Amino acid sequence: MALLPILCFPDPKLHTVASPVAAVDTRVRALIADMLDTMYDAKGIGLAATQVDVHERLIVIDVSEERDEPLVLINPELVWTSEATHLNEEGCLSVPGIYDGVKRFDEVKVSAMDGDGKTRIVEADGLLAVCIQHEMDHLMGKVFVEYLSPMKRDRIKKKMLKVLREERA
């Protein structure tokens, strides 16, 4: 399997709205494996295809302590959300080193295909619910820093651009 480069904010490609996956075929299964390898290598708990510059509705997640319970969501759609919300501290592989509070639904139900192309309903709460919502935002071209104030977002953008310039030097 291959490790894929992760796009970093403020890369404009992170704002691309993902298209539905047409079929779960060999190419998609290989992408799933590569995304899981990339996510585990980066010590993340979730990764959307948008973050690796593939603009299809595909997410991989693993919030287990042993990192051995991967969840694949293809063409995910929220079918239910709780009324209750909570402010959660979030980070993102596309915005390394930055953490801030984002309000998310406490519980969600998502309809999606798994890695075998079978449709299923995933019921989630806690960290898994937060992670699903965060990754689904990526599929809509939204990065978590967009929930923050314009001043905070601008500060993060400047910091990320500075890091990028230093890496290129």
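Overview of the structure. Worth saying up front: this structure is predicted, and the values here are computed from it rather than measured.

Points about the sheet that holds strand β1 (residues 46-48)
Read from one edge of the open sheet, five strands run β1-β2-β3-β6-β7, paired in antiparallel fashion. Where the open sheet ends on each side, the last strands, each with one partner, are β1 and β7 (119-125). Sheet twist, expressed as the mean angle between neighbouring strand axes with direction ignored, is 40 degrees. Relative to strand β3 (residues 71-81), strand β2 (residues 58-61) runs antiparallel, the two sharing four bridges. Each residue of the ladder has a partner; that of I61, found in β3, is L71. Where helix α1 (residues 26-41) meets the sheet, its contacts fall on β1, β2 and β3, and the angle it forms with β2 comes to roughly 40 degrees.

Side note on the nonpolar core
Counting residues in each nonpolar core, the largest one holds 17 residues, and the members touching the most others are I59, I61, L73 and I132. Elements with a contribution of two residues or more to this core: β2, β3, β6 (107-113), β7 and α2 (126-139). Sort the elements by how many residues they give to this core and α2 lands first, with six residues. Other than its neighbours up to four places away in sequence, I132 contacts I61, L73, V110, V122 and A124. Counting 16 residues, the second largest nonpolar core, distinct from the first, contains I32, M39, A49 and M113.

With respect to a nonpolar patch on the surface
A surface patch of nonpolar side chains, about 210 Å² in accessible area, is lined by I45, V63 and L127. Mapping V63 onto the fold places it in the loop between β2 and β3.

Observations concerning the environment of F144
Here F144 lies in the loop between α2 and α3 (150-168). For F144, a relative accessible area of 2% puts it in the buried group. Sequence separation between F144 and V95 is 49 residues; the distance between their C-alpha atoms is 8.9 Å. Leave out the neighbours within four places in its chain, and F144 touches E90, G91, C92, V95, I98, D100, V102, R104 and H134.

So, the layout of surface pockets
A volume near 370 Å³ is recorded for the largest pocket. Every residue lining the largest pocket is counted, 22 residues in all, and those nearest its centre are I45, E90, G91, C92 and Y99. Contributing elements (two or more residues each) for the lining of the largest pocket: β4 (85-92), β5 (95-105) and α2. Of the residues in the lining of the largest pocket, the class split is eleven nonpolar, seven polar and four charged. In this structure, the second largest pocket occupies an estimated 250 Å³ of space.

Brief notes about the pattern of salt bridges
Taken as a whole and assessed by the stated rule, the structure comprises seven salt bridges. Linking R27 and E56 is a salt bridge whose minimum nitrogen-to-oxygen distance equals 2.9 Å. Pair noted here: R27 is in helix α1 and E56 is in the loop between β1 and β2, with a separation of 29 residues, a long-range link. It is possible to trace a salt-bridge network through shared partners that takes in E90, R104 and D137.

What counts and what doesn't
Residues numbered from 1 in each chain as written. Predicted model: local features only at pLDDT ≥ 70, side-chain atom pairs only at ≥ 80, totals over all residues. Heavy atoms only, no water. Pairing = 2+ DSSP bridges. Helix = DSSP H or I, 4+ residues; strand = E, 2+ residues; numbered from the N terminus. Axes fitted to C-alpha atoms, helices over the stretch in contact; angles between N-to-C directions. Contact = heavy atoms within 4.5 Å. Core = buried A, V, L, I, M, F, W, Y, C linked by side-chain atoms within 4.5 Å. Buried < 20%, exposed > 50% of the residue type's maximum accessible area, 1.4 Å probe, protein only. Patch = residues over 30% accessible without salt bridge, like charges linked within 9 Å, V, L, I, M, F, W, Y side chains within 5 Å. Areas by Shrake-Rupley, 256 points an atom, 1.4 Å probe, with all protein chains shown as cover. Salt bridge = Lys/Arg side-chain N within 4 Å of Asp/Glu carboxyl O. 1 Å grid on protein atoms, 1.4 Å probe; cavity = no way out; pocket = protein on both sides within 12 Å on 5 of 7 lines; lining within 4 Å. Points joined across faces, edges and corners; volume = space filled by probe spheres on them. Nonpolar A, V, L, I, M, F, W, Y, C, P; charged D, E, K, R; others polar.

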